[in-house]
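Residue-level structure breakdown
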Amino acid sequence: MSYKFHQFQVVGRGLPTESDEHPKIYRMKLWATNEVRAKSKFWYFLRKLKKVKKSNGQMLAINEIFEKNPTTIKNYGIWLRYQSRTGYHNMYKEYRDTTLNGGIEQMYTEMASRHRVRHHCIQVIKTATIPAKLCKRESTKQFHNSKIKFPLVFKKVRPPTRKLKTTYKASRPNLFV
Amino acid sequence: MPFKRYVEIGRIALVNYGKDYGKLVVIVDVIDQNRALVDSPDMVRGQMNFKRLTLTDIKIDIKRVPNKKTLIAAMEAADVKNKWENSSWGRKLIVQKKRASLNDFDRFKIMLAKIKKAGVVRQELAKLKKETA
């Protein structure tokens, strides 16, 4: 499963000066498509919090964070701040996925489709793995059922490879299961 | 016409698209409306879209997300492999695979066998025609 958004841990600080020999080191966890963008995002956020810029700062470490248990399903709660056409808003969204990167990707695509918010207008404030009892959204809570059972109602038959795809077919397909 | 095959924990499904095409997998948990967590004795547990799965009639008795050992034991207990290979769907797939893997000599042998079989059938038909005529 290749994800578009990767999670990075970025560590940086301002450059040491005569007045401040050991400036404070700051660490951020953020999502970006690649390392270069992650570093850029790091300086963007750090500029907003501290009086330091990329030109008078140094990057100490950047590591990609991988999912510890990609074979278990988790409920992710994502707090985000986004810019709409009329102003900034905070939002809390829940997603069920196996990895945090997958949940974040779902979030970006959902924000784009539901609210027409492009990915550069979204800031992820916080993410957390939510235990099933504390989930707030009905659409995630409906899958918290150990005896879940539902039929697949609409079964579109696909050719098993893209090569076997044809524009015209001899007969109408049978869509029942 | 109610539904007979449900997506549920323990349902065996056939993968009909992608890298694991043709494999039998067990639905081990449901992620959301479109995806399931599937597992099989010879693959790492992973997620799959329902669009890639075709449900079968076979269902095994497992709890939500069993570990690999429990899964393999449950599959042995339910005798999934034999049930699948003796079902008409499973047999058809085996025949398809065999036909696709024939070499020219095998096809020659099949041609001879078909001619022989047709000859025997025609002899019996001629006998029956003579009796009624």
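Each value, and the rule that gives it
Residues numbered from 1 in each chain as written. Chains lettered and ligands numbered in written order. Predicted model: local features only at pLDDT ≥ 70, side-chain atom pairs only at ≥ 80, totals over all residues. Heavy atoms only, no water. Helix = DSSP H or I, 4+ residues; strand = E, 2+ residues; numbered from the N terminus. Expected span 1.5 Å × (residues − 1). Buried < 20%, exposed > 50% of the residue type's maximum accessible area, 1.4 Å probe, protein only. pLDDT = per-residue confidence, 0-100. Contact = heavy atoms within 4.5 Å. Buried area = accessible area lost by both parts, 1.4 Å probe. Salt bridge = Lys/Arg side-chain N within 4 Å of Asp/Glu carboxyl O. Nonpolar A, V, L, I, M, F, W, Y, C, P; charged D, E, K, R; others polar. Pairing = 2+ DSSP bridges.

**A look at helix 1 (residues 35-49) of chain A**
Helix length check: helix 1 of chain A, at 15 residues, gives a terminal C-alpha distance of 21 Å against a target of 21 Å (1.5 Å per residue), a fit within 8%. The set of residues buried in helix 1 of chain A consists of A38, F42, W43, F45 and L46 of chain A.

**Side note on the confidence of the model for chain B**
Mean pLDDT over chain B stands at 93; residues scoring 70 or higher make up 99%. Note on the complex model: pTM 0.86, ipTM 0.83.

**Some words on the interface of chain A and chain B**
The interface is formed by 25 residues belonging to chain A together with 28 residues belonging to chain B. Roughly 2,400 Å² is buried in total at the junction of chain A and chain B, and carbon and sulfur atoms are behind 64% of that figure. Ranking the residues of chain A by area buried against chain B places T71, F150 and R158 of chain A at the top, with a combined share of 22%. There are one salt bridge connecting chain A and chain B. R35 of chain B is the salt-bridge partner of D97 of chain A, the closest N and O atoms lying 3.3 Å from each other. Listed by contribution, the elements that provide at least two residues to the side of chain A that touches chain B are strand 5 (88-97) and strand 7 (149-151) of chain A. Here the residues of the side of chain A that touches chain B sort into 13 nonpolar, six polar and six charged. Here strand 7 of chain A runs beside strand 1 (residues 6-8) of chain B; their pairing, made up of three bridges, is antiparallel. Directly across from K149 of chain A, in strand 1 of chain B, lies its bridge partner E8 of chain B.

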